[in-house]
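# Structural overview
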Amino acid sequence: MVAASRYSGRDVALFRLGMGPNGALGALAGMAEDYNDRHKGHERIDYEFFDEYVREAITPEVLRSWRDAAAADGQPFVLMICGVQTAMYPRARDIALMARREGIEVLAGGVHLSAHAPSVQFFLSCGVHVAIGEVEPIWDRIIEDCIEGNLQPSYRITTEQGVRVKTVTSYIAAPDVSRVPFPHIPKAARQRYVHPSQLFVDSSRGCPFLCTFCVVKNVFGRTVRGRDPERLVAWIVDRVRNDKAASFWFTDDNFVRNAGHRELLERLAAARAAGNKFSLSLTLDVESTCYARDDSPRGEQTREFLRLCQAAGVAHVFMGLESTNDAALQEMRKGVNRDRTDVHATGSGVDGAAAARARLVERYKTAVSAWHEIGASVECGYLIGFEADGPGVGLQAARDIVAIGVDIATFYLVSPLPGSEDYATAFEKGTLLEPDFNEYFRDTAMIAHPTMSASDMEAELRAAIRATWTWRNVVRRLARRVLGLSGKRVVTPWRYIKRQVGTKLIISTGMLTYAQGGLLRRHDAGRNLRLAISDEEARLVYLGEASPSPSARQTVEPSMLSLPVYLDTPVSAPAGRDTDVPKPAAVPREVWTTGTVA
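Here is what the cut-offs are and how they apply
- Residues numbered from 1 in each chain as written.
- Predicted model: local features only at pLDDT ≥ 70, side-chain atom pairs only at ≥ 80, totals over all residues.
- Heavy atoms only, no water.
- Salt bridge = Lys/Arg side-chain N within 4 Å of Asp/Glu carboxyl O.
- Helix = DSSP H or I, 4+ residues; strand = E, 2+ residues; numbered from the N terminus.
- Buried < 20%, exposed > 50% of the residue type's maximum accessible area, 1.4 Å probe, protein only.
- Pairing = 2+ DSSP bridges.
- Axes fitted to C-alpha atoms, helices over the stretch in contact; angles between N-to-C directions.
- Contact = heavy atoms within 4.5 Å.
- Phe/Tyr/Trp six-rings, centres within 6.5 Å; stacked < 30°, edge-to-face > 60°.
- Lys NZ or Arg CZ within 6 Å of the ring centre and 35° of its normal.
- Core = buried A, V, L, I, M, F, W, Y, C linked by side-chain atoms within 4.5 Å.
- pLDDT = per-residue confidence, 0-100.

## Re the pattern of salt bridges
For the coordinates displayed, the defined rule picks out 43 salt bridges. Here Arg-38 and Asp-140 are joined by a salt bridge, their closest N and O atoms 2.9 Å apart. Highlighted residues: Arg-38 in helix α1 (residues 23–38) and Asp-140 in helix α6 (residues 139–148), separated in sequence by 102 residues. The class for Arg-38 is partly exposed, based on a relative accessible area of 43%. Notably, a salt bridge pairs Glu-134 with Arg-205, separated by 2.5 Å at the nearest N-O pair. Here Arg-205 lies in strand β13 (residues 204–205) and Glu-134 lies in the loop between β8 (129–131) and α6, a separation of 71 residues in the sequence. For Arg-205, a relative accessible area of 9% corresponds to the buried category. Each of Glu-134, Glu-136, Asp-202, Arg-205, Arg-225 and Arg-227 takes part in a single network of salt bridges with overlapping partners.

Take a look at the structure:
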């Protein structure tokens, strides 16, 4: 089970310590453990948990060693490439094609492959099998097909195997997650990350909102599905007692929108009261705490929610503030963030953009302060590059973030991910600036802007980061939140120090966010160079063959309904192709093992 890295320059990005394990890799390892528990005395899955970011670059030699070791034990071997996100797709694609060249069966899945039809069609045309969407209900079938050597071109659950959930434009089939297996991160693997005692788990999936930049609502649906609170808390307690886990990050897209979140918090609070020591991190929206000061029933509900969170051990939260520009929030359809005065205003003369910004800053400040009052730290993301933004947006964003009091702020240029309305619109209008998926979530402008050039937007991003992450601001945050010089101290001071200083040091090395990789970068001296940019270049380099059919890229990308997860029937391999191993290529082996491209 491999989580692919990405390319940095021409090298594969490798780190001695990662920021956190790939969630899909943990989920599949958990399904493998669950399968083995249910099949004791019969067949079992032997698997390797391989996060390329923190291990080593996967090469043909590594792939052959895995294949040959399985063959020596008389076992079938399948390479599963897990959790393929858009920025990791080029590296995942190259690993898949290397494996196909070696005669290895490959099954790939992830959000990108559930949202981008051309990538799915390319994989299928190269004999790579694809899993689309969530697969828990059909996991046993996949494993049986692996054992029997009968993998199908593609896998996707049906409504008979799951539940029908709403998206923006249609409905998809998704699992009832109340009793799905829990993730598993092997103990040895946890030591490769900054916080080895922290585990990641979803208490729910799905998000009801309509943000145009987000893929979640279309791939996982707008119907929020929750785990059984009793089972989840029992699993957490077991991990605390037996695995020495000390903190848990709920990777929900929006924790507070899970109908079972109150019961879950109550059970977690009871578990802590019984002597189980752990802390929690949550992802949720601004409305969860922005009414904390209201003298109203809603205000009292918010304060009760905060009391429950404090008792349950919530130490850190992530909120998607996205922007302090009300016009940008309207553009991205992030209505949940907007001040109610502006949401309910009629006409165009409310009282100006500056007043709307001031109301937003105050709304955000209230939401952040509420968490600070229970000792939790607050992280947020901020997007730059919507049409409503203009020159000076970077410094303005930094000033607002500092005024709001956010502890960790990560700035991004708008990245139109496949599966989002922003991507479909930009593709249709011809305003996409960056065709290379590997460059997503870096400092590269992705969409053309009506008033700023690409270099202008990139300069605004750097200005926001520099102004927010000065050493002076870092020291001020440490003094306030660790020493408690103005308010309540954070409940996890050592972790707070590591995040503040670590993020500052990462930014000082030239990376713009800690999410770009990890700590202590390793270089492999050009031994694993990037040899191809486009899919067709990769096909030629790794398989030595030209495209078997014209690309369908121009006809399938603009529509939301072209998402593979939306299709009424499973995607099949293109006509004239099957899943046999590609024939030996005309490209000499030394070309794709040494990187010497003619």
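More follows now that the structure is in view.
## Focus on the sheet that holds strand β19 (residues 408–413)
Here we have 6 strands laid out as an open sheet, ordered β12-β15-β16-β17-β18-β19, and parallel in their pairing. Strand pairing shows two members of the sheet lacking a second neighbour, β12 (198–201) and β19, which therefore form its edges. In this sheet, adjacent strand axes meet at a mean angle of 15° when their direction is disregarded. Strand direction decides the pairing type here: β12 and strand β15 (residues 247–250), joined by 4 bridges, are parallel. If you follow Gln-198 over to β15, its bridge partner there is Ser-247. Where helix α9 (residues 229–243) meets the sheet, it contacts β12 and β15, and its direction lies at approximately 145° from that of β15.

## Some remarks on the side chain of Glu-136
Mapped onto the elements, Glu-136 comes out in the loop between β8 and α6. Glu-136 gets classed as buried once you look at its relative accessible area, which sits at 16%. Each residue touching Glu-136, except ones within four places of it in the same chain, is listed here: Met-31, Pro-175, Val-180, Pro-181 and Arg-205.

## Side note on the packing of aromatic side chains
For the structure on display, the rule yields 14 aromatic pairs. Here Phe-50 and Trp-66 contribute two aromatic rings whose centre-to-centre distance is 5.1 Å and whose plane-to-plane angle is 70°, an arrangement assigned as edge-to-face. Note that Phe-50 is positioned in strand β5 (residues 50–51) and Trp-66 in helix α2 (residues 60–72), a separation of 16 residues in sequence. Across this residue pair, the class does not change: Phe-50 and Trp-66 are buried. Ring centres 5.1 Å apart and planes at 10° place the aromatic pair Phe-182 and Trp-235 in the stacked group. In this pair, Phe-182 sits in the loop between β11 (171–174) and α7 (187–190) while Trp-235 sits in helix α9, placing the two residues 53 residues apart along the sequence. Per residue, the accessibility class of Phe-182 equals that of Trp-235, and both read buried. Through successive ring pairs, a cluster of aromatic residues spans Tyr-89, Phe-122, Phe-123, Phe-437 and Tyr-440. The lysine or arginine in question, Arg-164, covers the ring of Tyr-171, its NZ or CZ lying 3.8 Å from the ring centre. A cation sits over an aromatic face here: Arg-477 above Trp-469, 4.6 Å from the ring centre.

## A few points about the nonpolar core
If you look at the biggest cluster of nonpolar residues, it comprises 169 residues, and the most contacted ones within it are Leu-79, Trp-139, Phe-250, Trp-371 and Phe-411. Look past the residues within four positions of Leu-79 in its chain and what remains in contact with it is Val-2, Leu-63, Trp-66, Ile-95, Ala-99, Ile-104, Glu-105, Val-106 and Leu-107.

## Some remarks on the confidence of the model for the protein
A residue-level look at the protein finds 90% of positions with pLDDT of 70 or above and a mean pLDDT of 89. Below pLDDT 50 for its whole length, residues 576–598 participates in 45 contacts with residues either more than four positions away or in separate chains.

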